Amino acid sequence: MEPITITLDGSEVSGHPGMTILELAAEVGIEIPTLCYDSHLSPLGACRVCLVEDESTGRLLASCVTPITAGMVIHTRSQRVLENRRVVVELMLASHPDTCIVCDEGNRCKLRKIATDLGIGLSSLERIPTYHAVVDLNPFIRRDLSKCIRCGRCIRADREIAVVGAIDYTDRGFESRPATLLDVPLEQTECNFCGICVSVCPTGALSERSRVSTNTASQATRTVCPLCGMGCAIVLEHRDPLVLGSRPAEDRNSVNHVSLCVKGHYGLDFVNSDGRLSTPLIRREDELAPAGWEEALDFVARRLTELKKQGGGGTLGVVGASRATNEENYLLQKFARTALGSNHIDSGARLRGAALFAGIESVLGCGAMSHPISHIREAEEILVVGADPLAVSPIVGQMIKQAVKIEEARLTLVDPLPRSLNGGFADTWIRPAPGSQPIFLAGLIREMLTIEMPARLEEVLGREGLNRIQGEIETLTPERVEDLTGVPARLLKDTARRLSSGRRLAIIPGAGIAREQGAAQSGSLLAILLLLAGDPGKKGCGLFPVALSLNDQGALDMGACPDRLPGHHHVSDPEARAGFESAWSVSLPSEPGMDYISMIEAALTGTLKGLYIVGENPVRDCPSEQKVREALSGLELIVVQDLFLTDTASLAHVVLPSTSFAEKDGTFTNLERRVQRVRKAIEPRNESRPDVAIVTELMDRMGCEVSGSTPSEVLSEINEQVPDYKGITLRRLELERGGLFWPCVDEEDPGEPILHARKPPRAQEGLALTLPEGVGSAPPEEFPLWLMTTPTLFHSADGVRTLHSRLFSDAAPEMGVMMNPFDAGPLGIEDGDIAWVRSSQGSLRTHVAMSERTPRGIVVAQSPGEQSPEGLSSMDARDLGNGAPQTHRLAVRVEVDHGSQ
């Protein structure tokens, strides 16, 4: 298309067809003030502040909605334009309260800024006061309609970004205002409290209800939200020593653009919690007592050295964390392999999605998200399997909703449970029996193979691998799948035909399949399904797992796992091992170590003597709580490094207080493989120290070579040792505000957002598919109900951090279980009763709510991180070859608590 040339403030400039005057002016650096306009929203042209003058016609045009045409001569600051802008702004100020000095919006208020730029103090027009009570809309948002300028930004953001539709204009004329239908509270609408309306409000009409402090922030630091796997770019507002609030960084190339979820907007005040650990603790006479850093570090180094001498490195283990940075996880695995001489290093990723990712890797050659989540909007078909993105990773949920409502994609849900996306978004809801998703996926693949055999499938799998897979699934006809899963044969056939049509497919698996029996096989099946549907090296056709927490991907990349060195090299690879041995000047063990659960089991049998845990809470996170407590209590040394005195820390011999994300520097790698800078905003609270500093001190005390003691020095070592991170240097991360995707092999490499555009899929040799036995079977007679977990919007991971958020501790609903009245009635249980939920492992006393949406035969428990409720799960159900526990589904019975009646 030919460019269009116009004259703008006396200079000839060119833009592309369809560009507005405002967009072209912004591109060439000419500022035109706006109030109703936001680059992330559709233009409205309501406020008229952006008026410009067209010399040829003499007309005043709203520049945000007027496209450029050839030959235009536009003036943005003529006398006439400025006079009209002043009139518009003065009319707004005439009905706006004179409370700027005490308004929470302060210097961020766009109306105040524009008035100042135009030389307007108080309005010279007669006052037209509008009186509205300040209303707390919900636990998070406060509304003051006397400051509303009716720009419509909150309404458009609600429709176009959040895709909720909770608010619209009500009333008319001077009385018009944004509100819910019939003015019902937001809690009674589909609102998920994401705060997008607050983010886009140009005045103080919408604000945070309960700020940490009445002080305004003195500084703002760009960093990364630590509360889910998306790693949203945020601006942290702070005044030492407090974090006062957060807002989205509003970069178009960031993962979240202008959005945040309720956790990212309102849950980061856990940093200020009085419950934070203030000093190291050492167990003395069975009590944890305060100690100095030198004493604590000397004690840990001495005891680890003694245990290593007594039983060798194989008696010691390390557990890393998603809340730890890449640099911290790199140092932890280096500490385990050099100081302890052990490959017993793992992280919480083992519990959350490692098995699923291992299955994906077996087919595609790399177990990671294949595309940026923004590419979900490019998909024509979206398949969500066992996931509730709106609760787990709300930004992913927003992308799905935008794809469906704006881009007209078709959404299919595969899940026994009703999810947030069911209402108004899903075209098809496929409901396999609990645990039978692998059978359904295998049957779907078989049916798709009868329709078409893409050449790329044999290219990736090889002829022998393809034959083995076809042989394994050959008996799974649609009718047989219906018998095993309850999914009608006709529905399976229709789905196969639709997904074989060549339309771009986005597959989004979650904990409902990642923590189920056969998770690794499910990962392989999903990868094969993707290959059948399209080319994963192209935009909009990819796998988007939402099963991991914040830096789980980074922990895996950095080698915080028992069988992989940094860069995903297997520990048995002699060439890779030799490279690290040369760099670290040590001899490294070549046999894989124990995984997270295996270390707990080894502690139970006495094989493991010491465990160093950073930022994880196995008592809460791992199945079989009683066994975990018993195992940890039998260890000769437990060291816990964390922000809070968790259930696990309370059992430790030494507790070391570490810093939060807001008090340290480093990098995080989100689910997309996007590496971003974490920046220190405030000074460490009390005596807490960054994990890098603590681990470095221990390595030094144990006589290990320490090549770097700061995050930047450790990142430089990562650049040297991890090929996919070679080009992700600190200098480049400072320049690339949206981060860099790996693989990024040198400083000239822009990084690769689409993984398989550079790394063509290639299945592992000897790939075979063995479907787990008993998948989809009914629960035993003694425990006739399936208990299944769903995530909660207000908490992440094990809930430790968000439970220390002042707002969330008040706003989050009480945890309990939901049952269908059909199941509860014969048991004598009514809505609101207290009942006992019993499994083969233990019992839980909890509230019961009735819900017709809950499928019959299923008890639904809402749980942070989708873990099984405390005391009910077992370590016995493990993923073969991967060690990940199956915790999403348990056989239970429910009994009324007669003592509460």
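See above for the structure.
Residues numbered from 1 in each chain as written. Predicted model: local features only at pLDDT ≥ 70, side-chain atom pairs only at ≥ 80, totals over all residues. Heavy atoms only, no water.

What about the overall build of the protein chain?
What counts here: Comment: elements are numbered from the N terminus, with helices defined as DSSP H or I runs of at least four residues and strands as E runs of at least two. In this setup the radius of gyration rests on C-alpha atoms only. A globule is expected at 2.2 Å times the number of residues raised to 0.38. Relative accessibility decides the category of a residue: with a 1.4 Å probe and only protein chains considered, values under 20% of the type maximum give buried, values over 50% give exposed, and everything between is partly exposed. It only takes one pair of heavy atoms within 4.5 Å for two residues to be counted as in contact. Each accessible area value is a Shrake-Rupley result obtained with a 1.4 Å probe; residue values ignore everything except the protein chains displayed when judging cover. Residues scored as charged are limited to Lys and Arg (positive) and Asp and Glu (negative), so that His and the chain ends carry no count. Here the site of a charge means NZ on Lys, CZ on Arg, CG on Asp, or CD on Glu.
Within the protein chain, the regular secondary structure consists of 30 helices and 36 strands. Relative to the globule expectation of 29 Å for 901 residues, the C-alpha radius of gyration of the protein chain, 29 Å, shows essentially globular dimensions. When its C-alpha atoms are laid out on the principal axes, the protein chain stretches across 85 × 70 × 65 Å. By residue count, 62% of the 901 residues in the protein chain fall in the buried class. Looking at the protein chain alone, contacts between residues at least 24 apart form 71% of all its contacts between residues at least 6 apart. When the accessible surface of the protein chain is summed, it comes to about 33900 Å², and 49% of that surface belongs to carbon and sulfur atoms. For the protein chain, the distance from the average site of its 90 positive side-chain charges to the average site of its 120 negative ones is 3 Å.

Notes on the nonpolar core
What counts is decided by this rule: Note on terminology: a nonpolar core comprises buried Ala, Val, Leu, Ile, Met, Phe, Trp, Tyr and Cys residues joined through side-chain atoms within 4.5 Å.
By size, the foremost hydrophobic cluster in this structure holds 54 residues, and its most contacted members are F335 and Y612. Considering each element in turn, this core owes the most residues, 7 residues, to helix α7 (residues 293-311). Residues in contact with Y612, not counting those within four places in the same chain, are G317, V318, V319, L332, F335, V639, Q641, I694, V695 and L698. C228, F357, C561 and F644 belong to the second-largest nonpolar core, a separate cluster that totals 50 residues.

Re a nonpolar patch on the surface
This is how it is decided: Note on patches: the residues involved have over 30% relative accessible area and no salt bridge, like charges join within 9 Å, and the nonpolar side chains Val, Leu, Ile, Met, Phe, Trp and Tyr join within 5 Å. We define a salt bridge as a contact between a side-chain nitrogen of Lys or Arg and a carboxyl oxygen of Asp or Glu at a distance within 4 Å.
Judged by side-chain polarity, V87, L91 and L125 come together as a nonpolar surface patch covering roughly 250 Å² of accessible area. Residue placement: L125 occurs in the loop between α3 (110-117) and β6 (135-136). Under the relative-accessibility criterion, L125 is labelled partly exposed at 35%.

Some points on the sheet that holds strand β10 (residues 206-208)
Worth spelling out the cut-off: Whether two strands pair comes down to DSSP finding at least two bridges between them.
Read from one edge of the open sheet, 3 strands run β6-β7-β10, paired in antiparallel fashion. One side of each edge strand has no neighbouring strand; the edge strands of this open sheet are β6 and β10. When β6 meets strand β7 (residues 141-143), the two strands line up antiparallel, connected through 2 bridges. Directly across from V135, in β7, lies its bridge partner R143.

Remarks on the pattern of salt bridges
Taken as a whole and judged by the stated rule, the model has 56 salt bridges. As a salt-bridge pair, R377 and E407 come within 2.6 Å of each other at their nearest N and O atoms. Of the two residues, R377 sits in the loop between α10 (354-364) and β18 (381-385) while E407 sits in the loop between α12 (394-405) and β19 (410-414), which places them 30 residues apart along the sequence. Among the residues examined, R377 registers a relative accessible area of 26% and is labelled partly exposed. Taking the shortest distance from any N to any O, the salt bridge between R446 and E474 comes out at 3.6 Å. Note that R446 is positioned in helix α14 (residues 437-451) and E474 in the loop between α15 (455-473) and α16 (478-485), a separation of 28 residues in sequence.

A short note on the side chain of T34
Residue position: T34 is located in the loop between α1 (21-27) and β3 (51-54). Apart from residues no more than four positions distant in its own chain, T34 is found in contact with L22, V49, C50 and I114.

Points about the pairing of strand β25 (residues 610-614)
β25 sits mainly inside the fold: 5 of its 5 residues count as buried. Alternating positions in β25 separate into two faces, G610, Y612 and V614 on one and L611 and I613 on the other, with burial throughout. Bridge count between strand β16 (residues 316-320) and β25: 4 bridges; the pairing is parallel. If you follow V318 over to β25, its bridge partner there is Y612. In this structure, β25 lies alongside strand β26 (residues 637-642), joined through 5 bridges in parallel fashion. Counterpart to Y612 in the pairing with β26 is V639.

A look at the sheet that holds strand β1 (residues 4-8)
What counts here: Here an angle of 0 to 180 degrees is reported between the N-to-C directions of two axes, which are lines fitted to C-alpha atoms, with helices fitted over the stretch in contact.
Pairing is mixed in the open sheet, where 5 strands are placed in the order β2-β1-β5-β3-β4. Looking along the sheet, the strands with just one partner apiece sit at the ends: β2 (11-15) and β4 (60-62). Each strand axis lies, on average, 40 degrees off the axis of its neighbour in the sheet, ignoring direction. Against the sheet, helix α2 (residues 79-94) touches β3, β4 and β5 (73-75), its axis set at about 150 degrees to β3.

Some remarks on the packing of aromatic side chains
Short version of the rule: Classification of ring pairs uses Phe, Tyr and Trp, with its six-membered ring standing for Trp, and accepts pairs whose centres are within 6.5 Å; under 30 degrees between planes counts as stacked, over 60 as edge-to-face, and the remaining range as tilted. A ring is scored as having a charge over it whenever the NZ atom of a lysine or the CZ atom of an arginine sits within 6 Å of its centre and within 35 degrees of its normal.
Inspection of the entire model under this criterion finds 8 aromatic pairs. Both rings, one in F193 and one in F794, keep their centres 6.2 Å apart while their planes meet at 25 degrees; by these two values the pair is stacked. Placement of F193 in the loop between β9 (177-179) and α5 (196-200) and of F794 in the loop between β31 (785-790) and α29 (806-811) is noted, with a sequence separation of 601 residues between them. When sorted by exposure, F193 lands in the same class as F794, which is buried. Arranged with centres 5.5 Å apart and planes meeting at 80 degrees, the rings of F335 and Y612 form a pair that is edge-to-face. With F335 in helix α8 (residues 326-339) and Y612 in strand β25, this residue pair connects regions lying 277 residues apart in the sequence. Here the two residues F335 and Y612 agree in accessibility, since each one is buried. Three or more aromatic residues joined by ring pairs make a cluster, and in this case those are F140, F193, Y266 and F794. Sitting over the ring of W429, R431 keeps its end group 4.2 Å from the ring centre. The ring centre of W742 lies 5.7 Å from the NZ or CZ of R673, which sits over that ring.

Regarding the packing of α7 against helix α25 (residues 691-701)
As a reminder of what qualifies: Each angle is binned into one of four classes, with values under 35 degrees roughly parallel, values over 145 roughly antiparallel, values of 65 to 115 roughly perpendicular, and all other values oblique. By definition, turning the near helix anticlockwise from the far helix through less than a right angle yields a left-handed crossing, and turning it clockwise yields a right-handed one. Following the grouping adopted for this structure description, the nonpolar residues are Ala, Val, Leu, Ile, Met, Phe, Trp, Tyr, Cys and Pro, the charged ones are Asp, Glu, Lys and Arg, and the polar ones are all others, Gly among them.
Where α7 contacts α25, the axes come no closer than 9 Å and their chain directions differ by 55 degrees. In this view, α7 runs oblique relative to α25, as classed from their interaxial angle. Between α7 and α25 lies a crossing whose hand is right-handed. Between α7, through W293, E294, L297, D298, V300 and A301, and α25, the contact on the second element is made entirely by I694, E697, L698 and R701. Here the residues of the contact of α7 with α25 are counted per class, giving 6 nonpolar, no polar and 4 charged.

Remarks on α7
Rules: Expected span of a helix, by definition, is 1.5 Å for each gap between consecutive residues, and there is one gap fewer than residues. Directions drawn from the helix axis to the C-beta atoms are what define this arc.
The end-to-end C-alpha separation of α7 is 27 Å, in line with the 27 Å expected for 19 residues at 1.5 Å each. Three or more residues of α7 are buried, namely W293, A296, L297, V300, A301, R303, L304 and L307. For α7, the angular spread of buried residues about the axis comes to 165 degrees, placing them on one side. In α7, the exposed positions that point more than 90 degrees away from the buried face belong to K309 and Q310. The positive-phi residue at the C-terminal boundary of α7 is G312, with phi of around 85 degrees.

Quick notes on unusual backbone geometry
Note the cis peptide between D240 and P241, where omega equals 5 degrees. Checked against the element boundaries, P241 lands in the loop between β12 (233-239) and β13 (242-248). That bond from W742 to P743 is cis: its omega, 5 degrees, falls within 30 degrees of zero. Relative to the helices and strands, P743 is located in the loop between β30 (740-741) and α28 (755-758).

Describing the packing of α2 against α3
At a minimum axis separation of 10 Å, α2 and α3 run at an interaxial angle of 130 degrees. The orientation of α2 relative to α3 falls into the category oblique. Note on packing geometry: the crossing formed by α2 with α3 is left-handed. Judged by residue contacts, V89, M92 and L93 of α2 engage L111, I114 and A115 from α3.

Let's talk about helix α19 (residues 519-533)
Along its 15 residues, α19 runs 21 Å from first to last C-alpha, staying within 8% of the 21 Å computed at 1.5 Å per residue. Across the 15 residues of α19, 14 count as buried, placing the element largely inside the fold.

Points about the environment of V318
Here V318 lies in strand β16. Here V318 falls in the buried class, since its relative accessible area comes to 0%. When the C-alpha atoms of V318 and L632 are compared, they prove to be 13 Å apart, with 314 residues separating the residues in sequence. If near-sequence neighbours (up to four positions away) are discounted, V318 is found in contact with L332, F335, A336, L340, H344, I345, D346, M599, L611 and Y612.

Looking at the environment of L588
In this structure, L588 sits in the loop between α21 (574-584) and α22 (596-605). The class for L588 is buried, based on a relative accessible area of 7%. Remark: the alpha-carbon pair of L588 and S707, spanning 119 residues in sequence, is separated by 17 Å. The residues touching L588, leaving out its near neighbours within four places in the chain, are R337, L565, R577, F580 and E581.

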